[in-house]
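Structure at a glance
Listed below are the residues making up each chain.
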Amino acid sequence: MIGRRIYSGAPFEEMAGYARAVVDPPYVFISGTTGFDPDTLEFPEDVESQCENCFRIIERALTQAGSRMDHMIRVRVFVASREEFERIKPIIKRHCDHARPANTTILAELAEPYMRVEVEVTAKLEDNRR
């Protein structure tokens, strides 16, 4: 049986039929997370703000799951352009520097033109960090 689901309440989860995260010990799988601002319910125009929102939402989901950012073991970053990747590299580094997860970055056209970055994470649960 697959573990418990975590929902953030973002409208995309219901529209596309997925959970923000799935906890399947010893792992937490965080769905691709875009730069949607859960407080304003909007997408900022700049890729930097969108990237910060991605990691803020991911951190919330990891906390709900019983994990944390320094338990990340895998991160995938999908970004709309090389130029924007250059602009978000320092943000990715700041959020991943302690955990040093395996990382793949892909240039990709995202689901909507206003989406500039999407981040997917796999982490270990707090009690299973080996």
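Look a little higher up for the structure.
Cut-offs and rules
Residues numbered from 1 in each chain as written. Predicted model: local features only at pLDDT ≥ 70, side-chain atom pairs only at ≥ 80, totals over all residues. Heavy atoms only, no water. Pairing = 2+ DSSP bridges. Helix = DSSP H or I, 4+ residues; strand = E, 2+ residues; numbered from the N terminus. Contact = heavy atoms within 4.5 Å. Axes fitted to C-alpha atoms, helices over the stretch in contact; angles between N-to-C directions. Salt bridge = Lys/Arg side-chain N within 4 Å of Asp/Glu carboxyl O. Buried < 20%, exposed > 50% of the residue type's maximum accessible area, 1.4 Å probe, protein only. Parallel < 35°, antiparallel > 145°, perpendicular 65-115°, else oblique. Left-handed = near helix turned anticlockwise from the far one by under 90°. Nonpolar A, V, L, I, M, F, W, Y, C, P; charged D, E, K, R; others polar.

Attention shifts here to the sheet that holds strand β3 (residues 27–34). Ordered by their spatial adjacency, six strands build an open sheet running β1-β2-β3-β6-β4-β5, and the pairing between neighbours is mixed. The open sheet is flanked by β1 (5–6) and β5 (102–107), the only strands paired with a single partner. Judged from the four bridges that link them, strand β2 (residues 21–24) and β3 form a sheet pairing that is antiparallel. In the strand pairing of β3, Asp24 is matched with Tyr27. Lying on the sheet, helix α3 (residues 82–96) is in contact with β4 (72–79), β5 and β6 (117–124); it crosses β4 at an angle near 160 degrees.

We now examine the pattern of salt bridges. Tallying each qualifying case throughout the model produces 14 salt bridges. Between Glu84 and Arg116 there is a salt bridge, with the nearest N and O atoms lying 2.9 Å from each other. Placement of Glu84 in helix α3 and of Arg116 in the loop between β5 and β6 is noted, with a sequence separation of 32 residues between them. Relative accessible area serves as the criterion here: at 8%, Glu84 is assigned to the buried category. Across the salt bridge formed by Glu86 and Lys89, the nearest N and O atoms sit 3.0 Å from each other. One end of the pair is Glu86 and the other is Lys89, both in helix α3 and three residues apart, which spans about a single turn. You can call Lys89 partly exposed: its relative accessible area is 35%.

Once that is clear, we can look at the packing of helix α2 (residues 47–65) against α3. Interhelical geometry of α2 versus α3 gives an angle of 30 degrees and a closest axis separation of 9 Å. Comparing the axis directions of α2 and α3 gives the class roughly parallel. Here the hand of the crossing between α2 and α3 comes out right-handed. The segment α2 lies against α3, with Val47, Glu48, Cys51, Glu52 and Phe55 engaging Glu84, Arg87, Ile88, Ile91, Ile92, Arg94, His95 and Cys96. Its residues placed into classes, the contact of α2 with α3 shows seven nonpolar, one polar and five charged.

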